[in-house]
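Inside the fold
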Amino acid sequence: MSPLPVPRAELVVDLAAVRHNVRLLTEHCGVAMMTVVKADGYGHGMVEVARAAREAGSPWLGVATIDEALALRAAGDTGRVLCWLTVPGDPYDRAVAADVDVTAYSLAELAEVEAAVRRTGTPARVQLKVDTGLSRGGATPADWPALVEAARVGEVAGHWRVTGLWSHLAASDEPDHPANDSQEQVFREALAVAEEAGLTPEVRHLANSAAAVLRPSARFDLVRCGIASYGLDPAPGRLPDLGLVPAMTARATLAMVKDVPAGAGVSYGHTWVADRATTLGLVPVGYGDGVPRSASNAASVAVGGRRRPVRGRVCMDQLVVDLDGDRPEPGSDVVLFGTGRDGGPTAQDWAEAAGTISYEVVTRIGGRMVRTHVDSRLDSRLDSRLDSRLDGELDDGARP
Ligand SMILES: *Cc1c(COP(=O)(O)O)cnc(C)c1O
């Protein structure tokens, strides 16, 4: 068999890493898991990641929009799915008919759910969100009692079951930030108001990845883990080493290698000028593929087992790296970021180089890159391409 053609640029997503991370987080937190797969699974592929999360025992999936929830249903997912971001006129009918848990922030949203229930003849599952201090979505504490009251009335009338009460933290990645204590306190008060009104939710939840790991008191009945499920650190430098494994590797194929003399200006604007004779490598990805232009002159990639700094500006389709006199063959593997094993660059490294967070790096990368899902337990292609991750640690059978 001839070897598989190597794409110009590729995102390789290891679903075994996702399963590993979901299991690890579930064990660590000791409560139900909601794997958050919005925004195309943070760029990892929503449907594939959702399937891996279910295999790892995640009873819930979380998405932002109704469309995302419906896409999960269309792909055959039948488990619990919560969505939490709508605009007036969104397809609540379809969400209700598809057995999706919807979130209401306001009386107006409850009214839309009620209209959908009347049209479809199907009772809904509704969760209520309280704004405990993020000042984004959710009912303010002032509006909460009325929302709770209306939800209870609708529940008694048989329109829906109120399945959850929840909120979202503003600074969970800064465990000492006073907003954490304050929001948790406001959340507990909101729960008390709801319980007094007769609501008996299945799940009360507050924690995203950082809080799930760093703030046991915020775990309640369920944790909503996005970024950590993909193996990235939600609170860089603050998290204990849980053994999370980054699931995404962004790689490219080296296009060209050339010699340049001292004084050569590199890429648009000549923002880097060679201070010595060196060799340069042409990497055929750029901001048209979601590579952050703000990482110009700052990020590095791995070629031939060594870190190679990006020189000059990241262009639309390509970038240039300093090979420092080495001459790897065109066609060689270039890892932009991956697991970080063997000192290779990670999405976190790119985030720091680009002045952003790893969430944005993985969610935005893609563009024309091919996305391939592999399973390091099953797929030897990954072993040869990305060097084996088939350590016992990642073998599902090896985990209790
Ligand atoms: C995106 C999101 C999450 C997941 O956050 P991470 O920091 O990625 O774990 C959890 N809850 C809500 C409401 C979100 O919007």
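Residues numbered from 1 in each chain as written. Predicted model: local features only at pLDDT ≥ 70, side-chain atom pairs only at ≥ 80, totals over all residues. Heavy atoms only, no water.

Looking at the packing of aromatic side chains
To be explicit about the condition: Here a pair means two rings of Phe, Tyr or Trp (six-membered ring of Trp) with centres within 6.5 Å. Their orientation is stacked below 30 degrees between planes, edge-to-face above 60, and tilted elsewhere. Comment: elements are numbered from the N terminus, with helices defined as DSSP H or I runs of at least four residues and strands as E runs of at least two.
Counted according to the given criterion, the structure contains 4 aromatic pairs. When the centroid spacing of 5.0 Å and the interplanar angle of 90 degrees are considered together, the rings of phenylalanine 187 and phenylalanine 220 count as edge-to-face. Taken together, the residues span a long stretch of sequence, with phenylalanine 187 in helix H8 (residues 178-196) and phenylalanine 220 in the loop between helix H9 (209-214) and strand E9 (222-225) at a distance of 33 residues. Site record: aromatic cluster; members linked through ring pairs are Tyr42, Tyr230 and Tyr359.

A closer look at the sheet that holds strand E14 (residues 278-283)
The line we're drawing: When DSSP finds two or more bridges between two strands, those strands count as paired. In this analysis an axis means a line fitted to C-alpha atoms, helices contributing only their contacting stretch, and an angle means the value between N-to-C directions, from 0 to 180 degrees. In this analysis, two residues are considered to be in contact whenever any of their non-hydrogen atoms come within 4.5 Å of each other.
Spatially, E11-E14-E17-E16-E15-E18-E10-E1-E19 is the arrangement adopted by the 9 strands of the open sheet, whose pairing is mixed. The two strands at the open ends of the sheet, each matched to only one other strand, are strand E11 (256-260) and strand E19 (370-374). Between one strand axis and the next, the sheet turns by 35 degrees as a mean value, whatever way the strands run. The pairing of strand E15 (residues 300-303) with strand E16 (residues 306-311) spans 4 bridges and is classified as antiparallel. By the bridge assignment, alanine 302 is partnered in E16 with arginine 307. Lying over the sheet, helix H10 (residues 347-354) contacts E15, E16 and strand E18 (333-337), oriented at roughly 70 degrees with respect to E18.

Regarding the site of the ligand
Counted only if it meets this: Whether a residue is near a molecule or strand depends on its heavy atoms: if one lies within 4 Å, it is near. Two N or O atoms count as a polar contact when they lie within 3.5 Å, although within protein this holds only if one can serve as hydrogen donor and the other as acceptor, and sequence-adjacent residues are included solely when both atoms are side-chain atoms. In this description, accessible areas are obtained by the Shrake-Rupley approach with a 1.4 Å probe, and a residue is regarded as covered only by the protein chains that are shown. In this classification, Asp, Glu, Lys and Arg are treated as charged, Ala, Val, Leu, Ile, Met, Phe, Trp, Tyr, Cys and Pro as nonpolar, and every other residue, Gly included, as polar.
The environment of the ligand is formed by 14 residues, the closest being Lys38, Tyr42, Ser209, Arg224 and Tyr359. In this structure, an oxygen atom belonging to the ligand sits 2.8 Å away from a main-chain N or O atom of isoleucine 227. In the model, an oxygen atom of the ligand is placed 2.6 Å from a nitrogen or oxygen of the tyrosine 359 side chain. Contact with the protein chains hides 94% of the accessible area of the ligand, taken as 390 Å² for the molecule alone. When contributions to the shell around the ligand are tallied by element, the ones reaching two or more residues are helix H2 (38-42) and E9. Of the residues in the shell around the ligand, the class split is 7 nonpolar, 4 polar and 3 charged.

Some points on the UniProt feature "domain: Alanine racemase C-terminal" (unreviewed entry) in the chain
Stated precisely, the cut-off is as follows: UniProt positions are given in the numbering used here, feature names are shortened, and annotations may be inferred rather than shown by experiment.
Mapped onto the present numbering, the UniProt feature "domain: Alanine racemase C-terminal" (unreviewed entry) falls on residues 247-374. Overall, residues 247-374 shows 12% helix and 35% strand. The separation of its end C-alpha atoms is 10 Å.

So, the pattern of salt bridges
Basically, it comes down to this: When a carboxyl oxygen of Asp or Glu is within 4 Å of a side-chain nitrogen of Lys or Arg, the pair counts as a salt bridge. Only protein chains enter the calculation, and the probe is 1.4 Å; a residue is then buried if its accessible area is under 20% of its type maximum, exposed if over 50%, and partly exposed in between.
A full pass over the atoms with the stated rule returns 32 salt bridges. Notably, a salt bridge pairs glutamate 10 with arginine 251, separated by 3.1 Å at the nearest N-O pair. A residue pair is termed long-range when its members are at least 10 positions apart, and glutamate 10 in strand E1 (residues 9-14) and arginine 251 in strand E10 (residues 248-253) qualify at 241 residues. Here glutamate 10 falls in the buried class, since its relative accessible area comes to 0%.

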